[in-house]
Amino acid sequence: MSCTIIVGGFFGDEGKGKVVAHIANKDKPTIISRGGVGPNAGHTVQVGTREYGVRMVPSGFVFRDAKLCIGSGVLVDPRVLKHEVEMLGVKGRVFVDKRCGIITEDHIARDKGSDHLAKKIGSTGSGCGPANADRVMRISPQAKDVPELAEYLLDVPKAIDDELKKGKSVLLEGTQGFGISLYYGTYPFVTSKDTSASQIAADNGVGPTKIDDVIVVFKAYPTRVGEGPFSTEMPTAESDAMGIQEFGTVTHRKRRIGEWDGEMARYSAMINGCTQAAITGIDRVDKACLGVTEYGRLTRKAKEFLKCAEDDIGCPIAIISTGPEVTQIIDMRKEMV
Ligand code: IMP
Ligand code: MG
């Protein structure tokens, strides 16, 4: 039995979706449950030549035997959820905790219409900030109050506990990244909730003593979308010249690109209680590493980068992603136990 949390160590978009999909295929969890803020997050999962962007359904959907849950801390936009369930053909496998907060059209209008949120902070305009504000004011609806969600309702913490008691594996998937945590990020340029591993456990109603592993995902070249400080940011001309260009899954805004930030990595690993790190984008450190699936086949340049990153993080690097596709990965978790 094991309960693993996967979170982002920088500013989001570290490649958690891909790492979750790989771990799901490999560990065969019976439940994959999503924590985090809500549909402001976009996860990209590439299987073969098909690319999926998900905002509500857990990125572990590619592993067909798992129940896909949304924990009670998460905000649900019923329209986004329904659209994804149909697009991915996952009806019958998706469950929403009955206590999830609901995003209404009014929340979206307030998010997009607020100069503070939309312009100064650079929010995603998905309604999450206003919906969390209403939740704190105790005036927002919950999932159980929305007829169109009736077929999805579940007591997610109980379902997870039942699986853990049966000795099964459960994956708790975080969204966003450490740097945009409301508590520990670059306030006020942050999202509307904490994004650290403890929050992801709380979002799913899983007590801290039941967590076995916390995998923190870092990308070799961190990115940030929206406003706010980014100490290792590179001039666009430099990242363009390196062939690094990224666009947001939700807003399609161009992501800002930066160099590896060892200090942030260490602090993030500390607060997340990292037990194992994952590094994505090694193919950007050295193009010759694209698609490599064995550590021994990485180039010296890549290995040197990983050694420095591991020293910074202060935790073993157990997973190395070498490209966007789900099988382009080196998984050393077994060898390390
Ligand atoms: P909000 O969460 O939509 O209110 O946006 C607040 C800030 O967090 C903005 O800078 C967003 O770009 C950023 N943000 C929110 N969710 C994500 C995410 O999943 N990945 C990256 N940035 C995000
Ligand atoms: Mg994303």
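Below or above, wherever it landed, is the structure these notes cover. Bear in mind that the values here come from a model prediction, so they are computed numbers and not experimental data.

**With respect to the overall build of the protein chain**
Working step 1: Helix and strand content of the protein chain: twelve helices and 16 strands.
Working step 2: Against the globule reference of 20 Å for 337 residues, the protein chain gives a C-alpha radius of gyration of 19 Å, in line with a compact fold.
Working step 3: When its C-alpha atoms are laid out on the principal axes, the protein chain stretches across 55 × 50 × 35 Å.
Working step 4: Taken over 337 residues, the protein chain has a buried fraction of 57%.
Working step 5: Sequence separation of at least 24 residues holds for 75% of the intrachain contacts in the protein chain that already meet a minimum separation of 6.
Working step 6: Of the roughly 14200 Å² that the protein chain leaves accessible, carbon and sulfur atoms contribute 53%.
Working step 7: Charge centroids of the protein chain, computed over 44 positive and 44 negative side chains, lie 3 Å from each other.

**Considerations on the nonpolar core**
Working step 1: Core analysis: the biggest nonpolar cluster contains 53 residues, and F218, I279, I282 and I313 have the highest contact counts within it.
Working step 2: At five residues, the largest contribution of residues to this core is made by helix α11 (residues 300-313).
Working step 3: Setting aside chain neighbours within four positions, we find I313 in contact with F218, W260, A265, R266, A269, A277 and I279.
Working step 4: Core analysis: the next-biggest nonpolar cluster, separate from the first, contains 41 residues, A21, Y52, V62 and V96 among them.

**Here's the deal with the coordination of the magnesium ion (ligand 2)**
Working step 1: Every protein donor of the magnesium ion (ligand 2) is listed here as D13 (OD) and G42 (O), and their distances to the metal cover 1.8 to 2.1 Å. One end of the pair, D13, is in the loop between β1 (2-8) and α1 (16-27); the other, G42, is in the loop between β2 (31-34) and β3 (43-47), and 29 residues separate them in sequence.
Working step 2: A relative accessible area of 22% places D13 in the partly exposed class.

**Let's talk about the environment of R64**
Working step 1: Summarising the element assignment, R64 is placed in the loop between β4 (50-54) and β5 (67-70).
Working step 2: On a C-alpha basis, the gap between R64 and K28 in space is 9.2 Å, while along the polypeptide they are 36 residues apart.

**Things to note about the layout of surface pockets**
Over the atoms rolls a probe the size of a water molecule, and in doing so it shows where empty space is left.
Working step 1: A volume near 260 Å³ is recorded for the second largest pocket.
Working step 2: Contributing to the lining of the second largest pocket are 13 residues, with S2, T4, D27, D213 and R333 lying nearest its centre.
Working step 3: Those elements that place two or more of their residues in the lining of the second largest pocket are β1, α1, β11 (213-219) and α12 (333-336).
Working step 4: For the lining of the second largest pocket, a count of residues per class yields two nonpolar, four polar and seven charged.

**With respect to the pattern of salt bridges**
Working step 1: What the rule picks out here adds up to 28 salt bridges.
Working step 2: R255 is paired through a salt bridge with D13; the nearest N and O atoms lie 3.3 Å apart. Residue R255 is found in the loop between α8 (236-241) and β13 (256-257), and its partner D13 is found in the loop between β1 and α1; the two are separated by 242 residues along the sequence.
Working step 3: Where D77 meets R79, a salt bridge forms, and the shortest distance between an N and an O atom there is 3.0 Å.
Working step 4: Taken together, the salt bridges that share partners define one network made up of D13, K219, E246, R255 and R284.

**Some points on empty space enclosed by the protein**
Working step 1: This structure, assessed with the given rule, holds one cavity of 30 Å³ or more.
Working step 2: Considering only enclosed or pocket space, the largest cavity measures out at about 40 Å³ in volume.
Working step 3: Residue lining of the largest cavity: S2, T4, D27, P29, S169, V170 and L171, and that is the complete set.
Working step 4: Sorting the residues of the lining of the largest cavity by element identifies β1 and β10 (169-173) as the ones contributing at least two each.
Working step 5: For the lining of the largest cavity, the leading source of residues is β10, giving three residues.
Working step 6: Here the residues of the lining of the largest cavity sort into three nonpolar, three polar and one charged.

**So, helix α6 (residues 156-165)**
Working step 1: The element α6 is extensively covered by neighbouring structure, given that seven of its ten residues are classed as buried.
Working step 2: Among the residues of α6, V156, P157, A159, I160, D161, E163 and L164 are the ones counted as buried.
Working step 3: Elements that come into contact with the buried residues of α6 comprise β1, β2, β5, β7 (94-97), β9 (153-154) and β10.
Working step 4: Between the side-chain oxygen of the N-cap and the backbone nitrogen of K158 there are 3.2 Å, and the N-cap of α6 in question is D155.
Working step 5: The positive-phi residue at the C-terminal boundary of α6 is G167, with phi of around 85°.

What counts and what doesn't
Residues numbered from 1 in each chain as written. Chains lettered and ligands numbered in written order. Predicted model: local features only at pLDDT ≥ 70, side-chain atom pairs only at ≥ 80, totals over all residues. Heavy atoms only, no water. Helix = DSSP H or I, 4+ residues; strand = E, 2+ residues; numbered from the N terminus. Rg over C-alpha atoms; globule rule 2.2 N^0.38 Å. Buried < 20%, exposed > 50% of the residue type's maximum accessible area, 1.4 Å probe, protein only. Contact = heavy atoms within 4.5 Å. Areas by Shrake-Rupley, 256 points an atom, 1.4 Å probe, with all protein chains shown as cover. Lys, Arg positive; Asp, Glu negative; His and termini not counted. Charge placed at Lys NZ, Arg CZ, Asp CG, Glu CD. Core = buried A, V, L, I, M, F, W, Y, C linked by side-chain atoms within 4.5 Å. Donors = N, O, S within 2.8 Å, 3.2 Å for Na, K, Ca; no water. 1 Å grid on protein atoms, 1.4 Å probe; cavity = no way out; pocket = protein on both sides within 12 Å on 5 of 7 lines; lining within 4 Å. Points joined across faces, edges and corners; volume = space filled by probe spheres on them. Nonpolar A, V, L, I, M, F, W, Y, C, P; charged D, E, K, R; others polar. Salt bridge = Lys/Arg side-chain N within 4 Å of Asp/Glu carboxyl O. Polar contact = N/O pair within 3.5 Å; in protein donor to acceptor, adjacent residues only side chain to side chain.

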